[in-house]
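Observations on chain architecture
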Protein chains: 2
Amino acid sequence: MPASPRPADVKLTGLIGTLRCCQLFSGLSAEDLAVIAGFTVMQKLAKDDYLFHEGEPARGCYLVQSGAVNVHRVSAAGKEQVIHVFRSGESFAEAALATPTGYPANARAVEPSTVLILPKAPLLDLIGHRPDLALRMLGSMSGHLRVLVGMLDDLTLKDVETRLLNWLVKHSHAARGGAIQLPGTKRVLAAELGTSSETLSRTLGRLRDQRLISVSGKKITIHNLAAVQAMLRRNLGEN
Amino acid sequence: MPASPRPADVKLTGLIGTLRCCQLFSGLSAEDLAVIAGFTVMQKLAKDDYLFHEGEPARGCYLVQSGAVNVHRVSAAGKEQVIHVFRSGESFAEAALATPTGYPANARAVEPSTVLILPKAPLLDLIGHRPDLALRMLGSMSGHLRVLVGMLDDLTLKDVETRLLNWLVKHSHAARGGAIQLPGTKRVLAAELGTSSETLSRTLGRLRDQRLISVSGKKITIHNLAAVQAMLRRNLGEN
DNA sequence: CGGGTTGCTTGACACAGGTCAAGGCCCGAC
DNA sequence: GTCGGGCCTTGACCTGTGTCAAGCAACCCG
């Protein structure tokens, strides 16, 4: 029938599409994807809504369909340390599946987002039947380990300027006409880089004085990508 | 027969014993353990021997039988950041199993050690047949994730004094007669805390001046554990 | 025994970056 | 319009910690 399928089917095929796009499930068979889609729950989040808090018992793991989710910890004094900002197609909280302890961090939407929740029980069940899925989960988690290890040396082996240069280079590919559009406020970027908005402001100013970039509002223009990369490499060499 | 078994058997049952002790394999059936022991390779390391270097293709994952292994990264400038020191019974480099990329860090024995190598291929094969083993691996990796997350806020949310207090409290249970015996040199401890030996020395000195602890050689005596814990809590509250 | 090595301690100093405070800019509400 | 509140920027200041350097104690070895 060329007629449009029932709403539920539309939703389901849409879901399967999203699942297939995400790295975690990219090569799975259609049947397996259907099984997963069957128990997936969709949740919409407004900006600043919390998805979960540290210590809460784990519902399952998550997959960002759209928007961005900030996973972070807060110290006893209320200071926030960003672990990672997950964007569309990325999965997180796999760690919560395998251990009885609660979430080790908090998750909050930095903009309006929709996430897919993969509940613990049926997913574990499926993993029991599909060893290759287990391997994928292992792979995904080891990816997260690498990200964390990367953060570690970001925080210990590099200064703010270097971290910013690194961020610029990483995001230069997303530049439209050499201009990077900031996803959120500068304060958010500062947090993502593990610094304060004041220091970020100063550092941007310094780069601007050196004619490497120019900043106007939420738009950062890289004048000379090669020079930025050279400066990054030089900073990495010294520390 | 009450007579002693052949050397190979002795070695095998010894291996199985070690495997059973380690958290990763603690509840496995005797058969599975025998299979694993069958492909396990033992390696002895002298102090300062490298087990592997960053970027090398992964042989498999590792299990410390005795001694201690320092997993760390080094910056372009040669500075070393300790990720974790693994001691007997602990496993590491599980991440290397699931991804084709090489090791993300270096591993070096901090004292004479013996490690068991679990080669990639047969272990992955076994995981394919034993979904519960896959779940264990997931659990172990999520443990490592938590350790890394813990390190993150150690490094960002706490100063050296707080990190030292935390270390003291964590290791106070291992104190014999209130005295903690340092595993290695003070420089090693400093590296583990992510600081320099000078700063560690000063910080220890400050705690000693406050009569909280006393230090003599490689022995640290905690005079008043409750006071140390109180100070730790207070530091955490402020930051 | 003296000389070298190694590790620990202490002092002096420099610097990155966090915090506080004040001023400027933009924008939406009224 | 103009009032108010975010956000950004800039300046002034302070503190923690890394680094360099010198002195000291312990130990090994010929």
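The rules behind each value
Residues numbered from 1 in each chain as written. Chains lettered and ligands numbered in written order. Predicted model: local features only at pLDDT ≥ 70, side-chain atom pairs only at ≥ 80, totals over all residues. Heavy atoms only, no water. Phe/Tyr/Trp six-rings, centres within 6.5 Å; stacked < 30°, edge-to-face > 60°. Helix = DSSP H or I, 4+ residues; strand = E, 2+ residues; numbered from the N terminus. Buried < 20%, exposed > 50% of the residue type's maximum accessible area, 1.4 Å probe, protein only. Contact = heavy atoms within 4.5 Å. Buried area = accessible area lost by both parts, 1.4 Å probe. Salt bridge = Lys/Arg side-chain N within 4 Å of Asp/Glu carboxyl O. Polar contact = N/O pair within 3.5 Å; in protein donor to acceptor, adjacent residues only side chain to side chain. Pairing = 2+ DSSP bridges. Axes fitted to C-alpha atoms, helices over the stretch in contact; angles between N-to-C directions. Near = heavy atom within 4 Å. Core = buried A, V, L, I, M, F, W, Y, C linked by side-chain atoms within 4.5 Å. Domains from an automatic or database assignment.

**With respect to the packing of aromatic side chains**
Residues and elements named next belong to chain B. All chains considered together, the criterion is met by 12 aromatic pairs over all chains. When the ring of Tyr62 is compared with that of Tyr103, the centres are 6.2 Å apart and the planes differ by 45°; the resulting orientation is tilted. With Tyr62 in strand β3 (residues 60-66) and Tyr103 in the loop between α3 (95-98) and β7 (106-109), this residue pair connects regions lying 41 residues apart in the sequence. Tyr103 carries the same exposure label as Tyr62, and that label is buried. Geometrically, the ring pair formed by Phe86 and Phe92 is stacked, given 4.9 Å between the ring centres and 20° between the ring planes. Each member of the pair, Phe86 as well as Phe92, carries the same accessibility label: buried.

**Notes on the interface of chain A and chain B**
Often, the extent of an interface is quoted as the loss of accessible area upon association of its parts. Facing the 41 residues of chain A at the interface are 41 residues of chain B. Summed over both sides, the interface of chain A with chain B buries roughly 3,600 Å², with 77% coming from carbon and sulfur. Among the residues of chain A in contact with chain B, Leu138, Arg146 and Leu152 of chain A are the three that bury the most area, contributing 18% of the side total. There are zero salt bridges connecting chain A and chain B. In this structure, the connection of chain A to chain B is made through six residue pairs in polar contact (both at pLDDT 80 or more). Elements represented by at least two residues in the side of chain A that touches chain B include exactly β5 (80-87), α3 (95-98), α4 (120-129), α5 (131-157) and α9 (225-238) of chain A.

**A short note on the sheet that holds β5 of chain A**
Residue and element names in this part refer to chain A. With antiparallel pairing, four strands are arranged side by side in an open sheet as β2-β7-β4-β5. With partners counted over all chains shown, the strands left at the sheet margins are β2 (50-52) and β5, one partner each. Along the sheet, successive strands turn relative to each other by an average axial angle of 30°, direction set aside. Relative to strand β7 (residues 106-109), strand β4 (residues 68-74) runs antiparallel, the two sharing four bridges.

**Brief notes about the protein's contact with DNA strand D**
Around DNA strand D sit 15 residues in total, of which Lys186 of chain A together with Val160, Thr195, Thr199 and Arg202 of chain B are the nearest. Thr185 of chain A places a polar side-chain atom, nitrogen or oxygen, 3.1 Å from a phosphate oxygen of DNA strand D. Note that a base nitrogen of DNA strand D is positioned 3.0 Å from one of the side-chain N or O atoms of Arg202 of chain A. The set of elements that each furnish at least two residues to the surface near DNA strand D consists of α7 (186-192) and α8 (197-209) of chain A together with α8 (197-209) of chain B. Ranked by residue count, the leading element in the surface near DNA strand D is α8 of chain A, at four residues.

**Quick look at the pairing of strand β4 (residues 68-74) of chain B**
Looking along a regular strand, one sees the side chains alternate between the two faces of the sheet. Residue and element names in this part refer to chain B. In terms of burial, β4 is largely enclosed, as six of its seven residues are buried. The pairing of β4 with strand β5 (residues 80-87) spans seven bridges and is classified as antiparallel. When the bridges of β5 are listed, Ala68 appears paired with Arg87.

**Some thoughts on the pattern of salt bridges**
The final tally for this structure, using the stated rule, is six salt bridges over all chains. Note that Arg206 of chain A is salt-bridged to Glu161 of chain A, the shortest N-O span being 2.7 Å. Taken together, the residues span a long stretch of sequence, with Arg206 of chain A in helix α8 and Glu161 of chain A in helix α6 (residues 160-171) at a distance of 45 residues. The exposure class of Glu161 of chain A is buried, given its relative accessible area of 13%. As a salt-bridge pair, Arg73 of chain B and Glu54 of chain B come within 3.6 Å of each other at their nearest N and O atoms. With Arg73 of chain B in strand β4 and Glu54 of chain B in the loop between β2 (50-52) and β3, the pair connects residues that are 19 residues apart, well separated along the chain. Take Arg73 of chain B: its relative accessible area is 18%, and that puts it in the buried class. Judged by its relative accessible area of 35%, Glu54 of chain B is partly exposed.

**So, the nonpolar core**
Core analysis: the largest hydrophobic core is formed by 99 residues, its most contacted members being Phe25 and Phe92 of chain A together with Phe25 and Phe92 of chain B. Per element, the largest residue contribution to this core is 11 residues, and it comes from α5 of chain A. Among residues more than four places away in sequence, those in contact with Phe92 of chain B are Leu51, Phe52, Cys61, Tyr62, Val64, Val69, Val71, Phe86, Ala107 and His144 of chain B. The next biggest cluster of nonpolar side chains, apart from the first, holds 21 residues, and it includes Leu168, Leu212, Val228 and Met231 of chain A.

**Digging into the protein's contact with DNA strand C**
As a matter of local geometry, DNA strand C sits amid 15 residues, with Val160, Thr195, Thr199 and Arg202 of chain A together with Arg202 of chain B nearest to it. Each atom of DNA strand C within 4 Å of the protein was classed as base or backbone; sugar and phosphate made up 58%. Contact distances for DNA strand C include 3.0 Å between a base oxygen and a side-chain N or O atom of Arg202 of chain A. Ser201 of chain B places a side-chain nitrogen or oxygen 3.1 Å from a phosphate oxygen of DNA strand C.

**Comments concerning the domain arrangement of chain A**
All names here are of chain A. For chain A, the assigned domains read domain 1 (7-155) and domain 2 (160-235). Taking only C-alpha atoms, the centre of domain 1 and the centre of domain 2 are 29 Å apart. Taken together, the contacts link five residues of domain 1 with five residues of domain 2. For the pair domain 1 and domain 2, the two sides together bury roughly 530 Å², of which 54% comes from carbon and sulfur. Looking at the side of domain 1 facing domain 2, the largest losses of area belong to Val82, Arg87 and Asp154, adding up to 56% of the total buried there. For the pair domain 1 and domain 2, the interface holds zero salt bridges. On inspection of domain 1 and its partner domain 2, the count reaches zero residue pairs in polar contact (both at pLDDT 80 or more). Breaking the side of domain 1 that touches domain 2 down by element, the ones donating at least two residues are β5 and α5. No other element matches the three residues that β5 contributes to the side of domain 1 that touches domain 2.

**Notes on the pairing of strand β10 (residues 213-216) of chain A**
Residues and elements named next belong to chain A. Pairing of β10 with strand β11 (residues 219-222) involves four bridges; the strand directions are antiparallel. Bridged to Val215 within β11 is Ile220. Once β10 ends, the chain turns through two residues before running back antiparallel as β11, passing Gly217 with a positive phi of about 65°.

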